[in-house]
Amino acid sequence: MVPLADAQCDIVAKLEFCNPAGSTKDRSALWILERAIGRGEITHDTTVVESSSGNFALALAFYCRMLGLSFVPVIDPNCNEATEAQLRLLCERVEKVSVRDTAGSYLKSRLSRVQELLGDLDSAYWPNQYANPDARDAHYRFTAGELIAQAGPLDYLFVGVGTGGTIAGLSHRIKETYPRCVIVAVDTEGSVIFGGPPKKRRIPGIGSSIVPPLCGEALIDQVEIVSEVRAVEACGVLVAKYGLYAGGSTGSSYAAVQDHFARHRPGARRPRVAFIAADRGQAYAQTVYNPAWVRQLRSEAVKASDVEALAVN
């Protein structure tokens, strides 16, 4: 837990990128594997197969290697180069889809390939991070437990949403302990989770082209939608002001904190606010922290805005 100096709030960042494989996905990956092994759903002959934009695949690759299990990740072009290179070192086989789905993303294409692999392999297990209750329970037990012990009491908790497991687990445990804590779901433009129109997304780890079942189990009070340009700006602030070199979803969450309290000024009492720093910045060196990539992102955002304005007029 790292406190961040702020004019309006007492902010603490929970550095989930300090986990062994580098992200909050360590929690769900290890717990899902442990539970499945305990139930006999995974044996040493089982191949684990999963769709991931990066972090969950890295976590599964790490823990499967430690447990002596075979793992086949299904990734897409939005997976960072560094992440893909690491996966190819850890896994004998990596599947990469290249066809966008009807929502303009790759998630449905990845899930389709997962189903094909499950049918082809003799003994396979799909963790299904989008619907597996063990993913939710990992964050209920461990992530939330640490927040309560080290950062509470909390008035606000901001959580980036992708598969929904993190916010589902956190929200229930935090609400049980601090019923008045406001749970703010952070999503990105182009994600359909909260009913927004689908469009091309470039930053992995946040947002989705489907509504994950676990997200429906979360206790959400408010939703903040953050543009990818705004997320990149916030990543820059985190590095420059606090020395935190974090990934795109962390930038989205920090931007959501700042945007929320810019609109809703706190009263006399400074609120206690926490957000999740989900992964490290190293994997984003060629994207979020690359000036040329950021210029291209800004240019595409301006063009898209101009097209939308013409359509309205």
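What you see is a predicted model; the values in this text were computed from it and never measured.

Notes on the overall build of the chain
At step 1: Assigned secondary structure in the chain consists of nine helices and 10 strands.
At step 2: The globule rule puts the C-alpha radius of gyration for 313 residues at 20 Å, and the 19 Å found for the chain is close to it.
At step 3: Structurally, the chain occupies a C-alpha span of about 60 × 50 × 35 Å along its principal axes.
At step 4: Across the 313 residues of the chain, 53% fall into the buried class.

Section: the state of the cysteines
At step 1: Scanning all chains against the criterion turns up zero disulfides.
At step 2: We note that Cys181 lacks a disulfide partner, and the nearest cysteine sulfur, in Cys9, lies 13 Å from it.
At step 3: Judged by relative accessible area, Cys181 falls into the buried class, the value being 1%.
At step 4: The thiol of Cys215 is not disulfide-bonded; the next cysteine sulfur, from Cys181, is found 17 Å away.
At step 5: We classify Cys215 as buried; its relative accessible area is 8%.

Focus on the UniProt feature "domain: Tryptophan synthase beta chain-like PALP" (unreviewed entry) in the chain
At step 1: Here, UniProt's "domain: Tryptophan synthase beta chain-like PALP" (unreviewed entry) annotation points to residues 6-265.
At step 2: With 44% helix and 15% strand, residues 6-265 has end C-alpha atoms that lie 13 Å from one another.

Focus: the packing of helix 5 (residues 133-151) against helix 6 (residues 165-177)
At step 1: One can describe the packing of helix 5 onto helix 6 by two numbers: an axis separation of 7 Å at closest approach and a directional angle of 50°. When the axis of helix 5 is compared with that of helix 6, the two are oblique. In this structure, the crossing between helix 5 and helix 6 has a hand that is right-handed. Residue-level contacts link Ala135, Arg136, His139, Tyr140, Arg141, Thr143, Ala144, Gly145, Leu147 and Ile148 of helix 5 to Gly165, Thr166, Ala168, Gly169, Leu170, His172, Arg173, Ile174, Glu176 and Thr177 of helix 6.
At step 2: Its residues placed into classes, the contact of helix 5 with helix 6 shows eight nonpolar, eight polar and four charged.

Examining the environment of Val294
At step 1: Within the secondary structure layout, Val294 lies in helix 9 (residues 291-312).
At step 2: Using a relative accessible area of 12% as the deciding quantity, one classes Val294 as buried.
At step 3: As a C-alpha pair, Val294 and Val232 span 62 residues in sequence and 7.7 Å in three-dimensional space.
At step 4: Ignoring anything within four residues of it in the chain, the contact list for Val294 reads Val232, Thr287 and Val288.

What about the pattern of salt bridges?
Where side chains of opposite charge bring their charged atoms close, a pairing between them can arise.
At step 1: For the structure shown, the criterion picks out 25 salt bridges.
At step 2: As a salt-bridge pair, Asp259 and Arg230 come within 2.9 Å of each other at their nearest N and O atoms. Placement of the pair is Asp259 in helix 8 (residues 248-263) and Arg230 in helix 7 (residues 228-242), with a sequence separation of 29 residues.
At step 3: Each of Lys14, Glu16, Arg27 and Glu146 takes part in salt bridges that share partners, so that together they form one network.

Conventions used here
- Residues numbered from 1 in each chain as written.
- Predicted model: local features only at pLDDT ≥ 70, side-chain atom pairs only at ≥ 80, totals over all residues.
- Heavy atoms only, no water.
- Helix = DSSP H or I, 4+ residues; strand = E, 2+ residues; numbered from the N terminus.
- Rg over C-alpha atoms; globule rule 2.2 N^0.38 Å.
- Buried < 20%, exposed > 50% of the residue type's maximum accessible area, 1.4 Å probe, protein only.
- Disulfide = S-S within 2.5 Å.
- UniProt positions renumbered as here; feature names shortened; annotations may be inferred.
- Axes fitted to C-alpha atoms, helices over the stretch in contact; angles between N-to-C directions.
- Parallel < 35°, antiparallel > 145°, perpendicular 65-115°, else oblique.
- Left-handed = near helix turned anticlockwise from the far one by under 90°.
- Contact = heavy atoms within 4.5 Å.
- Nonpolar A, V, L, I, M, F, W, Y, C, P; charged D, E, K, R; others polar.
- Salt bridge = Lys/Arg side-chain N within 4 Å of Asp/Glu carboxyl O.

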